[in-house]
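This is what each chain is made of:
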Amino acid sequence: MIDHGRGAPAPAQRTTPPGSVVALIEASSPVERRIVGEWLTAGGLTQDFGTNVPVTQLDLDAGAIATRLVGRHDDPLVVPVRVLWLPPERDGVRRITFTDLATMTNPRKPNRLAQRRLARKEPDRHVVLAGQPALLSELRANNPEATAMLSAGSGEPLARAIVRAGVVALERAERTIIGDRYKVPRLVAEEILDSPEFLRRLELIADQIDTPTHEVYRRAEKALNELVAAQSRLVSDLFTQAMRPVHASTWKVDTDESGLTALKTLNRRYPLVFLPSHRSYVDAFVLGDVLARNDFPPNHVIGGANLSFWPMGPIARRTGTVFIRRSFGDDEVYKAVVEEYFAYLLTKRFNLEWYFEGGRTRTGKLRPPRYGLLNYLAAAVRRNRVDDVLLVPVSITYERLNELGAIAHEQVGGKKKPEGLAWLARYVRSQQHSAGHVYVRFGEPLSARDRLAVHGDPLSEPPTAIPLHRTDAEGVDRVPEPDDAAAELERKAVQRLAFEIAVGINAVTPITVNALATLALLGVHDRALTLGEVRAVLDPVLRYIDKRGLPSGELAALRDEQSLAVVLEQLSLASVVTIYRGGLEPVFSIEPGAHLEAAFYRNSGVHWFVNRAILELSILAAIDSDDPDQLRAGWAEAFELRDLLKFEFFFPDRTDFAAQMTDEMLLVDPQWRSHTRADTFGADILDRLTESGFMMAHRVLRSFFEAQLVVAERLAARDPAQEVDRKLFIDECVKVGRQMLLQQRLHSPESVSTELFTSALKLADNHGLLAPRASDDAGLSAGRDAFAQRLRTIVARISRAATLDPSNREPAA
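A. Summary view of the overall build of the chain. On a plain count of helices and strands, the chain comes out with 34 helices and 18 strands. Taking all 813 residues of the chain together, the buried fraction comes to 54%. Once local pairs closer than 6 in sequence are excluded, the contacts in the chain between residues at least 24 apart make up 79%. Carbon together with sulfur atoms contributes 52% to the accessible area of the chain, which is approximately 34800 Å² in total.

B. Just the packing of helix α9 (residues 196-209) against helix α10 (residues 213-227), in detail. Interaxial distance between α9 and α10 falls to 9 Å at its minimum, and their mutual angle equals 120°. With respect to each other, α9 and α10 are oriented oblique. Along this stretch, α9 crosses α10, giving a crossing that reads as right-handed. Here α9 contributes Phe198, Leu199, Leu202, Glu203, Ala206 and Ile209 to the contact with α10, which in turn contributes Thr213, Val216, Tyr217, Arg219 and Ala220.

C. Local environment of the packing of aromatic side chains. Tallying each qualifying case throughout the model produces twelve aromatic pairs. A ring pair is formed by Tyr544 and Phe609, whose centres lie 6.0 Å apart and whose planes are at 40°; its orientation type is tilted. With Tyr544 in helix α22 (residues 531-548) and Phe609 in the loop between α24 (595-603) and α25 (610-624), this residue pair connects regions lying 65 residues apart in the sequence. With 5.6 Å between their ring centres and 70° between their planes, Tyr544 and Phe694 make a pair best called edge-to-face.

D. Up close: the sheet that holds strand β18 (residues 587-590). The three strands are arranged β16-β18-β17 in an open sheet whose pairing can be described as antiparallel. Of all the strands in the sheet, just β16 (529-530) and β17 (577-580) have a single pairing partner and so form its edges. As paired elements, β17 and β18 share four bridges and run antiparallel to each other. When the bridges of β18 are listed, Tyr580 appears paired with Val587. Where helix α23 (residues 561-573) meets the sheet, it contacts β17 and β18, and its direction lies at approximately 110° from that of β17.

E. Here's a closer look at the nonpolar core. Membership of the largest hydrophobic core comes to 125 residues, with the highest contact counts inside it found for Phe274, Phe442, Leu516, Phe609, Ile614, Leu701 and Phe705. Residues in contact with Leu701, not counting those within four places in the same chain, are Val610, Ala613, Ile614, Leu617, Leu645, Phe649, Met696 and Ile798. Counting 60 residues, the second largest nonpolar core, distinct from the first, contains Phe198, Val322, Ala380 and Phe650.

F. How the structure looks around unusual backbone geometry. The phi torsion at Asn384 lies on the positive side, around 60°, for a residue other than glycine. The residue Asn384 is located in the loop between α16 (372-382) and β11 (390-398) in this model. Phi at Ser575 is positive, roughly 65°, even though this residue is not glycine. With respect to the secondary-structure elements, Ser575 resides in the loop between α23 and β17. Since its relative accessible area comes to 44%, Ser575 is described here as partly exposed.

G. How the structure looks around the pairing of β18. For β16 and β18, the ladder comprises two bridges, and the chain directions are antiparallel. By the bridge assignment, Leu529 is partnered in β18 with Phe588. What sits between β17 and β18 in their antiparallel hairpin is a turn of six residues.

H. Structural view of the pattern of salt bridges. Across all of its chains, the model carries 48 salt bridges by this definition. One salt bridge connects Glu38 with Arg34, and the closest N-O pair in it is separated by 3.3 Å. Separated by four residues within a single helix, Glu38 and Arg34 lie in helix α1 (residues 30-41), roughly one turn from each other. Taking the shortest distance from any N to any O, the salt bridge between Asp731 and Lys727 comes out at 3.5 Å. Of this pair, Asp731 and Lys727 both sit in helix α32 (residues 726-742), separated by four residues, roughly a single helical turn. The class for Lys727 is exposed, based on a relative accessible area of 59%.

I. Spatial organisation of a positive patch on the surface. A grouping of Arg112, Arg116, Arg120 and Lys121 is seen on the molecular surface, where their side chains present a positively charged patch. Note on placement: Arg116 falls in helix α4 (residues 112-121).

J. Looking closely at the environment of Asp669. Counting through the fold element by element, Asp669 comes out in the loop between α27 (654-668) and α28 (672-675). Accessibility expressed as a relative area gives 5% for Asp669, which makes it buried. Between the C-alpha atom of Asp669 and that of Ile685, which follows or precedes it by 16 residues, the distance is 7.3 Å.

K. Expanded view of the environment of Leu709. The residue Leu709 is located in helix α31 (residues 702-716) in this model. Residues Leu709 and Arg790, spaced 81 residues apart in sequence, show a C-alpha to C-alpha distance of 8.8 Å. Setting aside residues up to four positions removed in sequence, Leu709 forms contacts with Ala788, Leu791, Arg792 and Val795.

L. Fine view of the pairing of strand β8 (residues 300-304). Among the five residues in β8, five count as buried, and that is most of the element. Burial of β8 is two-sided: the residues His300, Ile302 and Gly304 facing one way and the residues Val301 and Gly303 facing the other way are all buried. As paired strands, β8 and strand β10 (residues 352-353) are joined by two bridges and run parallel to one another. Pairing of His300 across the sheet is with Leu352, part of β10. Note: β8 against strand β9 (residues 321-324), four bridges, orientation parallel.

M. Up close: α1. Between its terminal C-alpha atoms α1 stretches 16 Å, which fits the 16 Å expected from twelve residues at 1.5 Å a residue. Listed as buried for α1 are Val31, Glu32, Ile35, Val36, Gly37, Trp39 and Leu40.

Parameters and conventions
Residues numbered from 1 in each chain as written. Predicted model: local features only at pLDDT ≥ 70, side-chain atom pairs only at ≥ 80, totals over all residues. Heavy atoms only, no water. Helix = DSSP H or I, 4+ residues; strand = E, 2+ residues; numbered from the N terminus. Buried < 20%, exposed > 50% of the residue type's maximum accessible area, 1.4 Å probe, protein only. Contact = heavy atoms within 4.5 Å. Areas by Shrake-Rupley, 256 points an atom, 1.4 Å probe, with all protein chains shown as cover. Axes fitted to C-alpha atoms, helices over the stretch in contact; angles between N-to-C directions. Parallel < 35°, antiparallel > 145°, perpendicular 65-115°, else oblique. Left-handed = near helix turned anticlockwise from the far one by under 90°. Phe/Tyr/Trp six-rings, centres within 6.5 Å; stacked < 30°, edge-to-face > 60°. Pairing = 2+ DSSP bridges. Core = buried A, V, L, I, M, F, W, Y, C linked by side-chain atoms within 4.5 Å. Salt bridge = Lys/Arg side-chain N within 4 Å of Asp/Glu carboxyl O. Patch = residues over 30% accessible without salt bridge, like charges linked within 9 Å, V, L, I, M, F, W, Y side chains within 5 Å. Lys, Arg positive; Asp, Glu negative; His and termini not counted. Charge placed at Lys NZ, Arg CZ, Asp CG, Glu CD. Expected span 1.5 Å × (residues − 1).

Put into C-alpha cells, the structure is as follows:
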C-alpha cells in the first residue's frame, strides 16, 4: 500500500510473519462480502502473502479506519482486498461491447442480482484482488504530517491517506489482470485538496488577492471538479467502439510500431507525454486507437473548453479528456489548480497528450508552439515533483482530409462555425468517404529533465523558429519583461524543448502521394498538365527523395502513369483537382478556388524541401550581387532568407543551418568545393540546379513570401503614427490580396490566407515595423518601405526561378 512511485519495484515478499493482519475490504454488496470472506477462510492471504495469522476485517472506509486502525499500538500488516468483475471473454479479449448493455448493467460493476447470478453460474467472471500490503508503521512513516495529527486526537487525515493508498494498491493489482489500458485515477480531487503543500499555496494566494481562505479553497475545489477527468472503463470501452468507425471507415491507419515496444518499456518507469501534430479533429481518436491496440494506458488528453459541449463533453471527460479554459485571465486560483493537477498526473505516472501548436493547423504544416502547458511540465520537473518526463513527438499525417473546405473558408476571412451537437453530426457525416491512409509515426522520446537542465551557463542562440516571447498559460504571446537571469534561462530552455519537439515531429512526417501531386500542380501557375507532364515533374523529385532517404508514404503510386492517374482521380473526387477529358488526352490542374486545400496537402511535407528552395534563391542572389565573392553573397542571402522565414519553419542555429545548406549543395554537386571559384560560384551551382530537372523555390516558398509582400506593402502605405488593429489589418490584407491576384501581382492564390498574413505580421513586428513611432515617423516609414522593397526583390527572384523549371517552359507546338 506504499506508493513506491516512478516505476520503482515493490519490496520483496516479507520473510518475517506479522503479528496480525488487517484486511481492508472494498465491497459494494453482501455478495462481494461473502466472496471475500470465503476467499479469506480458504487461505487467500496465506497463498498470496505466506501468513496464516488471524485476520481482522475492516471496511476500506475512512471512518472505520480512523476508529479501529490508526490508533492501534501494535504493528499489523494492512492488506486492501476487493472483488474484480470481468466482462465475458470474446476472442481472447475481455472488453465491454454494446451487446453487454442488453443486461442493463455494467459488466465491470454488475448490480446485486447480476453478481449473485455470476457468482453461481459464471465463476470465471470474478477474481478476488489483494493489493500490495504495508505495515501500519510504514503507512504512518509515509504520511508524516497526517501521522503528526494523531497526537492531537485526529485520526481522520491518516485514515484518508490509508484509504487512498489502499485504492492505489488495488488499482495496480487490477491492472496486472486487465492490462495497462485500464489504468485510471481515483480520488484525485480529494488527494490534491488534502495536500499540505497545496493548502499552503492556497493560503498564500488568499493573502495576495485579499480574499478569505475558505473562499479561495471553495474556488479551488470548484476548479478541480471542473478539471479532473472522471475516467470510466465502461465509457472508455464503449466510446472507443463508437468512435472507431469515424476514422476506421475513412482511413487505413498505417503505424510504424517499431518504437512502441521501447516506449512501453520506458512507460513502466516514466510518464509519457504524447505531443502530436494537429491536422484534424479525429487526431485524438486515431492516436488513442493505436495506443489502445498496443495496451498503453489511456492518455489524459488536454483540450480546450470549447469542445466540452453536451453530450461529447461529459463522455469525453469519462475517457480521460481534461478541458481547460481558453483564457485564465488573472485567476490565480485557477492557475494554481491547473499546475497542481498537472503535477499530480505526472507524479502518478499518468500519460498525457496535448497539441502543442494550440489548435489545428490551417496551412498543413506545423504552427509555432504554445508554451503554456510546457511551462507547467517544466515546473513539475524543476521542483522534483517527478524524476523525469519523456516527451514523445508524434506525427499524424492524412493523405486526404474531408474537413479542408471549412478550413479554407476560414483562411479567406470566413467565420469558424462553433462546435456543438449539430456541428458534430455534420462532421461525422462528412467523414463517411474513403480518404486513403493516415500515417502515425513516433519520434525519439525526449527527456524533459535533460532538456530543462539550467546550470547558469548562457545558452547558445535559440532556434530561430521560436522567437523569445513570453506566453501565458494559454500560449498567448506576451511582451518580454525584465526578469532575473535564471528565469530567462528557464524560459529559453522551454523554448528549446518546444523546438526539439517540432523538429522531432517533422523528422518522422512522411511525404504522401497527395503532397507531391499538389506540389507538382501548384507550381505551374494554373496550367493544366498531361499525365506525362505530371510524371516529368515528379520523377526528379522522387529521385531527390530517394537520394536523401526521406520518410515517405505509398510513393510507388507516383512512379507509373496508371497508378498516378488513380491518385489524381482521387484528388478530383475530393474537389481539389479538376480533369478535362474533352481533348486529345486528359489534362489535370488545381480546381478553381481549391488552391488553399491543395496547399494544405503540399505543406504537410513542404519542410523537407525548404533548404533546397533557399539554396536556389541564394544562388540567384549571388549572381545578382555586386560582391565579387559570390560564395559570400550566397551565404549572406541564405541566412537572411532563414530569418525572414523564422515564423513559418523550424530552423536550427546558424552553425547547424550552415551544415545543412552545405549538405544541400553537396547533393547538387558533390565536387563543388574543388572546382567552384568564389567569383563564379553562383553560375556553377545554378547550372547543376537546372540540370537536376526541377526547381523548388516557386513551389515551396512563393506563397509565404507573397503573403509577406502583401503585409509589407499595406504597412508601407499606412500612417506610421497610426495604431495597427491586427484583426482589421488582416481583413484588409485579405481584400487587397485578392485584388493583387486579379492584377497578377501575386501568382499563388494560396498566399491569400489569414494564417500566412498573421505570421507575416509577427515577422514585421519582430523587425520593429509595427508599433507606431510618433517621434520617428520618417524612420519607421523608411523601414517599412525597405521591408516591402526587399520582399518585392525576393518575389521577383522566385518568378525567375520558376522560369528555370522545366515544367514551366512552353510546351512544344
